[in-house]
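# Reading the structure
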Amino acid sequence: INMTEIQALYQQVILDHNKNPHNFGELDHADCSAEGLNPLCGDHINVFLNLDGNIISDIRFNGSGCAISKSSASIMTTLLKGKTIKEAEELFGKFHDLVTADFEEEYDEDDFGKLAVFAGVREFPARIKCASLAWHTLKSALDGNSIISTE
Ligand code: ZN
């Protein structure tokens, strides 16, 4: 899909996920968690993770915020369940480039393609922090947890 289609998809995807967020809630016995705040907009989310070795076996979020922060968290949790921590960090890097960089390319229907709608926030610079909040919160949850690898 190209940028024109992304702009059209952007609003619909965000409205859908805001209305029916995926993985919304708390994990009772989370292996790690973090709280994220975006004072500029008033977004406040918590991310909870369960890890099985270096695999994200479960992930949930809760909190309150604007439609963009909530839908971004919803999509992030959907993509990351079952991924390794390394894959999660790679997707975060790609997501960051996507919302901040000024480039145009064709997106495949892979995991990164599902994030491509957030290229729409480039039109609204103040919203980049809303879209990124869940990812930064995820990163701090992972960084605050020591992981033992048996590899
Ligand atoms: Zn926001």
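A few points on the structure.

### Re the packing of helix H2 (residues 67–80) against helix H5 (residues 128–143)
Closest axis-to-axis distance for the H2/H5 pair is 7 Å, and the angle between their directions is 45 degrees. Comparing their axes, H5 and H2 come out oblique. Helix-helix and strand crossings are classified by hand; for H2 and H5 the assignment is right-handed. Contact residues: H2 offers Ile-68, Ser-69, Ser-72, Ala-73, Met-76 and Leu-80, while H5 offers Cys-130, Ala-131, Ala-134, Trp-135 and Leu-138.

### Here's the deal with the packing of aromatic side chains
Applying the stated rule across the entire model yields 4 aromatic pairs. Note on Phe-92 and Trp-135: the rings are 6.0 Å apart at their centroids and 15 degrees apart in plane angle, and the pair reads as stacked. In this pair, Phe-92 sits in helix H3 (residues 85–100) while Trp-135 sits in helix H5, placing the two residues 43 residues apart along the sequence. Both rings, one in Phe-95 and one in Phe-118, keep their centres 5.8 Å apart while their planes meet at 65 degrees; by these two values the pair is edge-to-face. On the criterion of sequence distance, the pair formed by Phe-95 in helix H3 and Phe-118 in the loop between helix H4 (111–115) and H5 is long-range, its members being 23 residues apart. Residue classification places Phe-95 among the buried positions, given a relative accessible area of 0%. Three or more aromatic residues joined by ring pairs form one cluster here, namely Phe-92, Phe-95, Phe-118 and Trp-135.

So, how was this worked out
Residues numbered from 1 in each chain as written. Predicted model: local features only at pLDDT ≥ 70, side-chain atom pairs only at ≥ 80, totals over all residues. Heavy atoms only, no water. Axes fitted to C-alpha atoms, helices over the stretch in contact; angles between N-to-C directions. Helix = DSSP H or I, 4+ residues; strand = E, 2+ residues; numbered from the N terminus. Parallel < 35°, antiparallel > 145°, perpendicular 65-115°, else oblique. Left-handed = near helix turned anticlockwise from the far one by under 90°. Contact = heavy atoms within 4.5 Å. Phe/Tyr/Trp six-rings, centres within 6.5 Å; stacked < 30°, edge-to-face > 60°. Buried < 20%, exposed > 50% of the residue type's maximum accessible area, 1.4 Å probe, protein only.

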